[in-house]
Amino acid sequence: MIVPAGEKVSDAQVADATPDVIVLAWAATGDKSDPSQSYKVAAWQDVPAIRNKRVYVIRDEFLNTPGRR
């Protein structure tokens, strides 16, 4: 995580974190999410995850479903 859970993440914060992998979980979109939009963010062009095409979408239920830790 780049910021504490629940906080909005800016493009600059993602770029500064230089992640090797980006995992997206867009609420209420199911399987319709399009990770290709991530490759168009100008601030992320030098991010390893973008350069190496390692952006993945998972269903938001995997991160947002209440349950045991």
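Just so we're clear, the structure is a prediction, and the values are computed from it rather than from any experiment.

**Overview of the layout of surface pockets**
There is about 870 Å³ of room inside the largest pocket. Of all elements in the fold, only helix 1 (11–17), strand 1 (22–24) and helix 3 (61–64) reach the threshold of two or more residues within the lining of the largest pocket. When residues in the lining of the largest pocket are grouped by element, the largest group, 3 residues, is from strand 1. Each residue belonging to the lining of the largest pocket can be placed in one class, and the counts come to 17 nonpolar, 5 polar and 3 charged.

**Describing the packing of aromatic side chains**
Inspection of the entire model under this criterion finds 0 aromatic pairs. In this structure, Lys53 packs its charged tip against the face of Tyr39, placed 4.8 Å from the ring centre.

**Details of the confidence of the model for the chain**
Of the residues in the chain, 83% reach a pLDDT of 70 or more, and the chain-wide mean stands at 83. Confidence, read as mean pLDDT per element, is least for helix 3 in the chain (72) and greatest for helix 2 (residues 48–51) (97).

**Comments concerning the side chain of Ser38**
On the secondary structure map, Ser38 appears in the loop between strand 1 and helix 2. A residue is classified by how much of its surface remains accessible, and Ser38, at 5% relative accessible area, is buried. In contact with Ser38, other than residues within four places in its own chain, are Leu24, Trp44, Ile50 and Val55.

Basis of the calculations
Residues numbered from 1 in each chain as written. Predicted model: local features only at pLDDT ≥ 70, side-chain atom pairs only at ≥ 80, totals over all residues. Heavy atoms only, no water. 1 Å grid on protein atoms, 1.4 Å probe; cavity = no way out; pocket = protein on both sides within 12 Å on 5 of 7 lines; lining within 4 Å. Points joined across faces, edges and corners; volume = space filled by probe spheres on them. Helix = DSSP H or I, 4+ residues; strand = E, 2+ residues; numbered from the N terminus. Nonpolar A, V, L, I, M, F, W, Y, C, P; charged D, E, K, R; others polar. Phe/Tyr/Trp six-rings, centres within 6.5 Å; stacked < 30°, edge-to-face > 60°. Lys NZ or Arg CZ within 6 Å of the ring centre and 35° of its normal. pLDDT = per-residue confidence, 0-100. Buried < 20%, exposed > 50% of the residue type's maximum accessible area, 1.4 Å probe, protein only. Contact = heavy atoms within 4.5 Å.

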